[in-house]
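# Residue-level structural notes
Residue strings, one per chain:
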Amino acid sequence: MTQDLFTAFHHGRRIASGELAAVLAAAHAALSSDSVEPLVFSDHTGTLQSLAPPREVPASPGRGRPRLGVSAREVTLLPRHWDWLSAQPGGASAALRRLVEAAARAPESPEAARRRAADAACAVLNALAGDAPGAEAVVRALYAGDLGAFSCETAAWPEDVRDYLARLATPALSGAGTQTA
């Protein structure tokens, strides 16, 4: 698995790209000279990263099972699914964990890669250029796989924003079948 890379923007200009520690250092340097907070994005998911250092939560010894980072959430399944899960070695939770781990290790399908790229580019677009002229048309082009419309609508945008979005969107805009020239 490759390490996720990050990109920071400040006032619509790219100020750093690379590993998270280096990008955060550049973002903190930009923050110290200005009151506008830089935006740091994951190049893989398009999610914004916090500039705040992670808070250390002291472990409180308590009764019961040790905290292993497990999150309890609700899962809604049909009765036949619960029956099958209950019959698996280790019970329903263990079976679900094995299924999720196997799916996470499986190669990403081309359609899933296109969707992930479109979602990442859309998240960044909303943060950096959501109010730019043609933003809605860019989102439509992105999900339609229309490279021509995407390029045309972003042509007048700031170069750093346009180039970063194009890089993130490339898998969504190539080989989608509905693409136009």
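One structure accompanies this document, and this report is about it. (Residues numbered from 1 in each chain as written. Predicted model: local features only at pLDDT ≥ 70, side-chain atom pairs only at ≥ 80, totals over all residues. Heavy atoms only, no water.)

### With respect to the side chain of serine 42
Keep this limit in mind: The secondary structure listing takes helices from DSSP runs of H or I that are at least 4 residues long and strands from runs of E that are at least 2 residues long, numbered from the N terminus. As used in this structure description, the phrase polar contact means that two N or O atoms lie within 3.5 Å; if the pair is within protein, one of them must be able to donate a hydrogen and the other to accept it, and residues adjacent in sequence are counted only when both atoms belong to side chains. Any two residues having at least one pair of non-hydrogen atoms within 4.5 Å are treated as being in contact.
When you line up the elements, serine 42 lands in strand β3 (residues 39-42). Within the local environment of serine 42, its side chain forms a polar contact with the side chain of aspartate 4, the two groups lying 2.6 Å apart. Among residues more than four places away in sequence, those in contact with serine 42 are Asp4, Leu5, Phe6, Thr47, Gln49 and Tyr164.

### What to know about the pattern of salt bridges
For the record, the criterion: Salt bridge, as used here, is a side-chain nitrogen of Lys or Arg placed within 4 Å of a carboxyl oxygen of Asp or Glu.
Counted according to the given criterion, the structure contains seven salt bridges. Among the ionic pairs, arginine 162 bridges to aspartate 163, the shortest N-O distance being 3.7 Å.

### Observations regarding the pairing of β3
Spelled out, the test is: Pairing between strands is defined by DSSP: at least two bridges between the two strands are required.
Inspection of the sheet shows strand β1 (residues 6-10) paired to β3 by four bridges, in the antiparallel sense. Each bridged residue has a counterpart across the sheet, and for phenylalanine 9 the counterpart in β3 is leucine 39. Relative to strand β4 (residues 48-49), β3 runs antiparallel, the two being bridged by two bridges. Counterpart to phenylalanine 41 in the pairing with β4 is leucine 48. The turn linking β3 back onto β4 is made up of five residues, and glycine 46 within it adopts a positive phi angle of 80°.

Honestly, that's just the spatial picture; any functional story needs more than this.
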